[in-house]
Amino acid sequence: MKTSDSLTRFVASFVDELTRLGVNKAVISPGSRSTPLAMLMAEHPKLSCYMNIDERSAGFFAIGLAKEKKKPVVLVCTSGTAAANYYPAIVEARYARVPLIVLTADRPHELRDVGAPQAIDQVQMYGNYPKWFVDVALPEEEVGMYRYVRTIAGRAFAISASHPAGVVHLNFPFREPLIPNLSLSNLWEAEDDRLSYLHTIQGLPQLEKSQIKDIADIMKGIAKGLIICGEQNDSEFISAVKEMSGKLKYPILADPLSQLRSGKSDKQGIIEGYDSILKDPEMINILKPELIIRFGPMPVSKPLMLMLKNNPDITQIIVDPSEEYRDPTLNAAHMIVCNHTKFCEDLSEILEECVSNQFYNDWILSNTIYQDMIEHELGQINDLFEGKIVRELQHALPDGSCLVVGSSMPIRDVDTFFRNTDKEIRVLANRGANGIDGVVSTALGISAVSIEPAFLLIGDLSFFHDFNGLLAAKMNNLDLTIILVNNDGGGIFSFLPQSKEEKHFETLYGTPIGIDFSKVVDMYQGEYEKINSWDELHTYFRDKWSNRGLKVIEIETNRTTRVNIHRELLDHVSQEIRKVLKQ
């Protein structure tokens, strides 16, 4: 067997440098040209490698790992269309600010653009989605090249992890022989006595005291203010924004991904029912703010986004640690680039404690009525209705859980029906590009490294999109409970104007697939159970959810009747809120 020592030292230097910087997870898809990277990563004692045969699934699995670990994860594949299958995950990672280091193997330069097999143009193949691209030099047995490739590793790690986190793409051309010499002495030895060859210190920008005062002056005298929190995963920010809310007496509209709806801390001023409340035009007239401060991406709620879009007179202050512009309303008045936690802390220091005002009290009263009415109305529903699934799931999930939520209707149902709770339930989702692909793989990536029990709430079409992802559970002995809501098609389209066009609706939008999911789960050696009643759901979570491995519970619902149930329920809630606020 012919091996290459120069290739081995070169790639080993790169792999070792990544581990010195803190990378400890890699997701590898099989292939010949990527052999040097794959074998040396599998050989390194500080690197845990996950095999994933399907590159599309591998990309989303890596997103799950990186979301949970909050640091870069490595993706490795061979040349050709294998690399193209990473594209959806790279798009999601870019917009969701997830740190990935993508390594694609390639033909050497003399085999490019000459009709060689499995050779496509991989130079900057992901366009502008990566933060950085390098067509790495060919391996050479020279000390300067080992320093070069360690520097590439250091820069890749720093760029991927720095705000906003994102994707780095390194394209590695290799000549044959491709098999590294794993018997080389001192395989992981560096040429220098540094802990890492290139260590980058990163920090977030902070505002000057005078700038904080200028912002406080903008808010002076404005009682009708709101704080809006999109997706967050920073516990320090959560306590800081709550303190700022208490000082300003500005309610916090908390997206389900903000992590503000869960936990044993005080929920005073945390509004979770705003999506339903703002569906009512009369409520907007009463509860419309003069000023908002927004952290994170725009929340899931469309009514909230429309209120901000249709009312340019609302002063919008958007706080973001990066200079990226994230305001689909196009009405932002102030973009503040700084550490959002420090922003809240510094502002709280100079703010005087405000007294409660009518606007603050109206929002809290509206939310209280919303909570009581939703609980009452859902209690009257015996059918397997998606909104009640969220409510019952919230009651049934063990304290200290991680709930991954699929796109389309599941995340919207969670937004509407997941109430403030003392339970510790982290809610995660792929909301970068909002696609329904790769959700199973992302959830499995999260479950692979989460210390909490992991659950996935997903619709049937999204589940279908990522059947291949289930193989990762089998190959890596992962534990995940999937709550599959099956309304046999695209439930979200029933809420849209397309549903009025009955002639082509089912074919083009409803798209029923009629799959027996029990056979799919059995194929991947998971446990399957059909849930036919609320009692069966609670019995399952009492007796069976803690079984090891992949578990899928399927709940069939009716997407035709659910639209009316959903709208009638929220109409009853709106009527009650209007009645009380007008007294």
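Here the structure is a predicted model, which is why all the values come from computation and not from measurement.

## Considering the overall build of the protein chain
Regarding its fold elements, the protein chain presents 22 helices and 18 strands. Computed over C-alpha atoms, the radius of gyration of the protein chain comes to 26 Å, within 12% of the 25 Å expected from 2.2 N^0.38 for 583 residues, which places it in the range of a compact globule. In terms of its C-alpha atoms, the protein chain occupies a principal-axis envelope of roughly 85 × 65 × 45 Å. Within the span of the protein chain, comprising 583 residues, buried residues form 58% of the whole. Averaged over its 60 positive side-chain charges, the protein chain has a centre that lies 1 Å from the centre of its 78 negative ones.

## Topic: the sheet that holds strand β3 (residues 73–77)
Taking strand neighbours across the sheet as the criterion, the six strands line up as β2-β1-β3-β4-β6-β5 in an open arrangement whose pairing is parallel. Edge positions in the open sheet fall to β2 (48–51) and β5 (132–135), since each of these has one partner strand only. Direction aside, neighbouring strands of the sheet carry axes that sit 20° apart on average. Here seven bridges tie strand β4 (residues 100–106) to strand β6 (residues 167–173), and the two strands are oriented parallel to one another. Considered in β6, the bridge of Asp106 is made with Pro173.

## Focus on helix α12 (residues 340–350)
For α12, the complete set of buried residues consists of His340, Thr341, Phe343, Cys344, Asp346, Leu347 and Ser348. The inward-facing, buried residues of α12 abut α7 (209–219), α8 (235–248), β10 (291–295), β11 (315–320) and β12 (334–337). The residue sitting at the N-terminus of α12 and contributing the capping side-chain oxygen is Asn339; that oxygen lies 2.9 Å from the backbone nitrogen of Thr341.

## What about the pattern of salt bridges?
Counted by the stated rule, this structure contains 32 salt bridges. Between Asp16 and Arg150 there is a salt bridge whose closest N-O contact spans 3.1 Å. Linking Asp16 in helix α1 (residues 5–20) with Arg150 in helix α6 (residues 143–161), this pair joins segments that are 134 residues apart in sequence. You can call Asp16 buried: its relative accessible area is 4%. In this structure, Glu452 and Arg426 form a salt bridge, with 2.7 Å as the shortest nitrogen-oxygen distance.

## Digging into the nonpolar core
Side chains that are nonpolar tend, in soluble globular proteins, to be buried together. One finds Trp363, Leu457, Phe541 and Leu569 to be the most contacted residues of the largest nonpolar core, which totals 59 residues. It is helix α13 (residues 358–379) that contributes the most residues to this core, seven residues altogether. If near-sequence neighbours (up to four positions away) are discounted, Leu457 is found in contact with Ile389, Val390, Leu393, Leu403, Val404, Val405, Gly406, Pro410, Val414, Ile483 and Val485.

## Section: the packing of aromatic side chains
Given two aromatic rings, one states the distance between the centres and the angle between the planes to describe the pair. Per the counting criterion, the structure on display carries 16 aromatic pairs. Residues Tyr95 and Tyr129 carry aromatic rings whose centres are separated by 6.0 Å and whose planes lie at 75° to one another, so their mutual orientation is edge-to-face. Residue Tyr95 is found in helix α5 (residues 87–96), and its partner Tyr129 is found in the loop between β4 and β5; the two are separated by 34 residues along the sequence. Between Phe463 and Phe467, the aromatic rings sit 5.4 Å apart at their centres with planes inclined by 80°, giving edge-to-face as the arrangement. With a relative accessible area of 0%, Phe463 lands in the buried category. Of the aromatic side chains, those joined through ring pairs into one cluster are Tyr87, Tyr95, Tyr126 and Tyr129.

## Focus on empty space enclosed by the protein
Scanning the entire structure with this criterion turns up one cavity of 30 Å³ or more. Along its surface, the largest cavity is lined by Glu17, Arg20, Arg150, Ala190, Asp192, Arg194, Leu195, Ser196 and Tyr197. Residue classes in the lining of the largest cavity are distributed as three nonpolar, one polar and five charged.

## Considering helix α2 (residues 35–43)
The set of residues buried in α2 consists of Thr35, Pro36, Leu37, Ala38, Leu40 and Met41. Where α2 is buried, its residues contact α1, β1 (25–28), β2, β3, β4 and β6.

## Quick notes on unusual backbone geometry
For the bond running from His163 to Pro164, omega is -10°, close enough to zero to count as cis. Inspection of the secondary structure puts Pro164 in the loop between α6 and β6. The omega angle of the peptide bond from Glu176 to Pro177 is 5°, so this bond is cis rather than trans. Mapped onto the secondary structure, Pro177 falls in the loop between β6 and α7. Phi angles above zero are rare outside glycine, and Lys249 is one such case at about 60°. Here Lys249 shows up in the loop between α8 and β8 (252–254).

## Section: a negative patch on the surface
Taken together, the side chains of Glu236, Glu243, Glu345 and Glu349 define an acidic patch exposed on the protein surface. Every element with two or more residues in the negative patch is listed here: α8 and α12. As for its position among the elements, Glu345 is in helix α12. A residue is classified by how much of its surface remains accessible, and Glu345, at 35% relative accessible area, is partly exposed.

## Remarks on the packing of helix α3 (residues 55–69) against helix α16 (residues 439–449)
α16 packs onto α3 with a crossing angle of 40° between their chain directions and a minimal axis gap of 7 Å. It follows that α3 is oblique to α16 by the angle criterion. The way α3 lies across α16 gives a crossing that is right-handed. Residues Ser57, Phe60, Phe61, Ile63, Gly64, Leu65, Lys67, Glu68 and Lys69 of α3 form the contact with α16, whose own contacting residues are Ser441, Thr442, Leu444, Gly445, Ile446, Ala448 and Val449.

What counts and how
- Residues numbered from 1 in each chain as written.
- Predicted model: local features only at pLDDT ≥ 70, side-chain atom pairs only at ≥ 80, totals over all residues.
- Heavy atoms only, no water.
- Helix = DSSP H or I, 4+ residues; strand = E, 2+ residues; numbered from the N terminus.
- Rg over C-alpha atoms; globule rule 2.2 N^0.38 Å.
- Buried < 20%, exposed > 50% of the residue type's maximum accessible area, 1.4 Å probe, protein only.
- Lys, Arg positive; Asp, Glu negative; His and termini not counted.
- Charge placed at Lys NZ, Arg CZ, Asp CG, Glu CD.
- Pairing = 2+ DSSP bridges.
- Axes fitted to C-alpha atoms, helices over the stretch in contact; angles between N-to-C directions.
- Contact = heavy atoms within 4.5 Å.
- Polar contact = N/O pair within 3.5 Å; in protein donor to acceptor, adjacent residues only side chain to side chain.
- Salt bridge = Lys/Arg side-chain N within 4 Å of Asp/Glu carboxyl O.
- Core = buried A, V, L, I, M, F, W, Y, C linked by side-chain atoms within 4.5 Å.
- Phe/Tyr/Trp six-rings, centres within 6.5 Å; stacked < 30°, edge-to-face > 60°.
- 1 Å grid on protein atoms, 1.4 Å probe; cavity = no way out; pocket = protein on both sides within 12 Å on 5 of 7 lines; lining within 4 Å.
- Points joined across faces, edges and corners; volume = space filled by probe spheres on them.
- Nonpolar A, V, L, I, M, F, W, Y, C, P; charged D, E, K, R; others polar.
- Patch = residues over 30% accessible without salt bridge, like charges linked within 9 Å, V, L, I, M, F, W, Y side chains within 5 Å.
- Areas by Shrake-Rupley, 256 points an atom, 1.4 Å probe, with all protein chains shown as cover.
- Parallel < 35°, antiparallel > 145°, perpendicular 65-115°, else oblique.
- Left-handed = near helix turned anticlockwise from the far one by under 90°.

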